[in-house]
Structures are given as structure tokens and as C-alpha cells.
Amino acid sequence: MLKKPWALKQGLLPFSKDISLVRVPKSDPIFATLFLEHYPQSKGILGRQLNYLIVRGGEILGIIGANSPPLNYKKFREYFNVDNDLNFLNNNVFRLIVHEKNLGTKVLKLFRKTIKKDYKEKYGDDLIGLVTFVEPPRTGAVYKADNWDYLGMTQGKRCLRRGSLGKWIDKEWSEGTKKHIFARKI
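The model shown is predicted, which means the values in this text are computed figures rather than measured ones.

A. Here's a closer look at the overall build of the chain. In terms of regular secondary structure, the chain is built from 5 helices and 9 strands. Each helix (α) and strand (β) of the chain, taken in turn from the N terminus, gives the series α-β-α-β-β-α-β-α-β-α-β-β-β-β. Counting all 186 residues of the chain, 42% fall into the buried class. Counting only contacts in the chain whose residues sit at least 6 apart along the sequence, the fraction spanning at least 24 positions is 68%. For the chain, the computed accessible surface area is about 10,900 Å², with 52% contributed by carbon and sulfur atoms.

What follows is the structure, given as C-alpha cells:
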């Protein structure tokens, strides 16, 4: 279990017996370590983002975060009935390093409440929902238990874009992994 004793002395982590989310930048050493252990091939977190340490009693239980969703993803725009991607986020990481019954659903409930407020504060837009991709053999059981809607599977295609946002010079498609897609309105 990962602990950061100096943070406890300085009061940087809450001592509450309740679960809390501590907002941190993606460069936070604990967040970055847990993220890169979970996704060692990651090239980083892009776009709008909110990242959190999951804490209880001064103990780190894991991390959770969200960032801008894939651009112009038709399935998401239809689900949320929107014309742009600024009002929903992709739950890009959810990693618990402590395992106990119902912890995942408790964290997701707190995450929805916290991120809605933080998103409005940071970006000025109303957050209407979250999406996530779950790579098999995982089934998304924690999202199912938290009443997220299953939207199907991805096509398993990856796109590497070169250029600047809105002015892509080149797109390169390759085979990727098919993933389960879940979404939840908030």
C-alpha cells in the first residue's frame, strides 16, 4: 500500500474516516506513479482533465481521473444528445490499490459529485456525464454495479493524428484492442 508520510504531517491528505478525493495535477508523484504503473505505454493525459488521489484516514486507496473524450465520437454525442464534446469527460483511469467490498461504487459515486463541481469551477462548463472504455478481460463490473449504461464495443481501431487540433495534417489508422464502452449521465 502506497503512503506518503510527509503529506500526513503537513496536513496535505485528509484524515477523515470517510473516503475523499484530493485533486492533484497529473504531475503529482503519487498520481503519476500509480497511473504509469497501470498504463505503462501511456503517452500522457491530454486535453481538459481532472485527476484525484482517493484517500481515507490519510491512506492512499488509489487514483481516479477524467480527461477530454475522443473527438467527435458519434456514440457519445448521441447518448448525451449534444453537438460537441465539452460537456462530458472520459474516465481515463480508475485504479484501486486497496480492495474491499463496494469500495469501487462508493468511489464512483463520490467521483461524479466531485468532478461535476470541479469541472464547472475549472472550465466554466456544465458536466453532463462521463464515459469510459474497459479493456477485456475486464468486464466493467464496477461500472455495471454503479448503473452505467453499456454502449457496446469499440471497433478496435487506433488513430494517430499529426498536426494541430482542427488542422490534422495526417491520420494514421492501425489495429488496436476492442474495448467495452460505458457511459453515465450526471
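B. Broad picture of helix α4 (residues 103-123). With 21 residues, α4 ought to run about 30 Å at 1.5 Å a step, and its terminal C-alpha atoms sit 29 Å apart, in line with that. Within α4, the full set of buried residues consists of Leu103, Gly104, Thr105, Val107, Leu108, Phe111, Arg112, Thr114, Ile115, Asp118 and Tyr119.

C. Region of the structure containing unusual backbone geometry. At the junction of Pro136 and Pro137, the peptide bond is cis and its omega measures out at 20° in the coordinates. With respect to the secondary-structure elements, Pro137 resides in the loop between β5 (129-134) and α5 (141-145). Unlike most non-glycine residues, Asn102 shows phi in positive territory, near 65°. Mapped onto the elements, Asn102 comes out in the loop between β4 (88-96) and α4. Exposure remark for Asn102: the relative accessible area of 45% places this residue in the partly exposed category. With a phi close to 65°, Asn147 is a non-glycine residue in the positive phi region.

D. Here's a closer look at the nonpolar core. Counting residues in hydrophobic clusters, the biggest one holds 24 residues, and the most contacted among them are Ile54, Ile64, Phe94, Val107, Phe111, Ile115 and Leu130. At the level of elements, β2 (49-56), β3 (59-67), β4, α4 and β5 are the ones that each hand at least two residues to this core. Considering each element in turn, this core owes the most residues, 6 residues, to α4. Residues contacting Phe111, with those up to four places away along its chain left out, are Leu21, Tyr52, Ile64, Gly65, Ala66, Asn91 and Leu130.

E. Spatial organisation of the sheet that holds β3. One open sheet holds the 7 strands; their spatial order is β1-β2-β3-β4-β5-β9-β6, and the pairing between them is mixed. Edge positions in the open sheet fall to β1 (20-24) and β6 (149-153), since each of these has one partner strand only. The average angle at which neighbouring strand axes cross in this sheet is 30°, direction not considered. Sheet topology note: the β5/strand β9 (residues 180-185) ladder contains 6 bridges and is antiparallel. Its bridge partner being in β9, Val134 is matched across the sheet by His180. Of the strands in this sheet, β1, β2, β3 and β4 are in contact with helix α2 (residues 29-38), which crosses β4 at around 90°. In this fold α4 packs onto β1, β2, β3, β4, β5 and β9, with an angle of close to 140° to the strand it touches most, β2.

Rules of the game
- Residues numbered from 1 in each chain as written.
- Predicted model: local features only at pLDDT ≥ 70, side-chain atom pairs only at ≥ 80, totals over all residues.
- Heavy atoms only, no water.
- Helix = DSSP H or I, 4+ residues; strand = E, 2+ residues; numbered from the N terminus.
- Buried < 20%, exposed > 50% of the residue type's maximum accessible area, 1.4 Å probe, protein only.
- Contact = heavy atoms within 4.5 Å.
- Areas by Shrake-Rupley, 256 points an atom, 1.4 Å probe, with all protein chains shown as cover.
- Expected span 1.5 Å × (residues − 1).
- Core = buried A, V, L, I, M, F, W, Y, C linked by side-chain atoms within 4.5 Å.
- Pairing = 2+ DSSP bridges.
- Axes fitted to C-alpha atoms, helices over the stretch in contact; angles between N-to-C directions.

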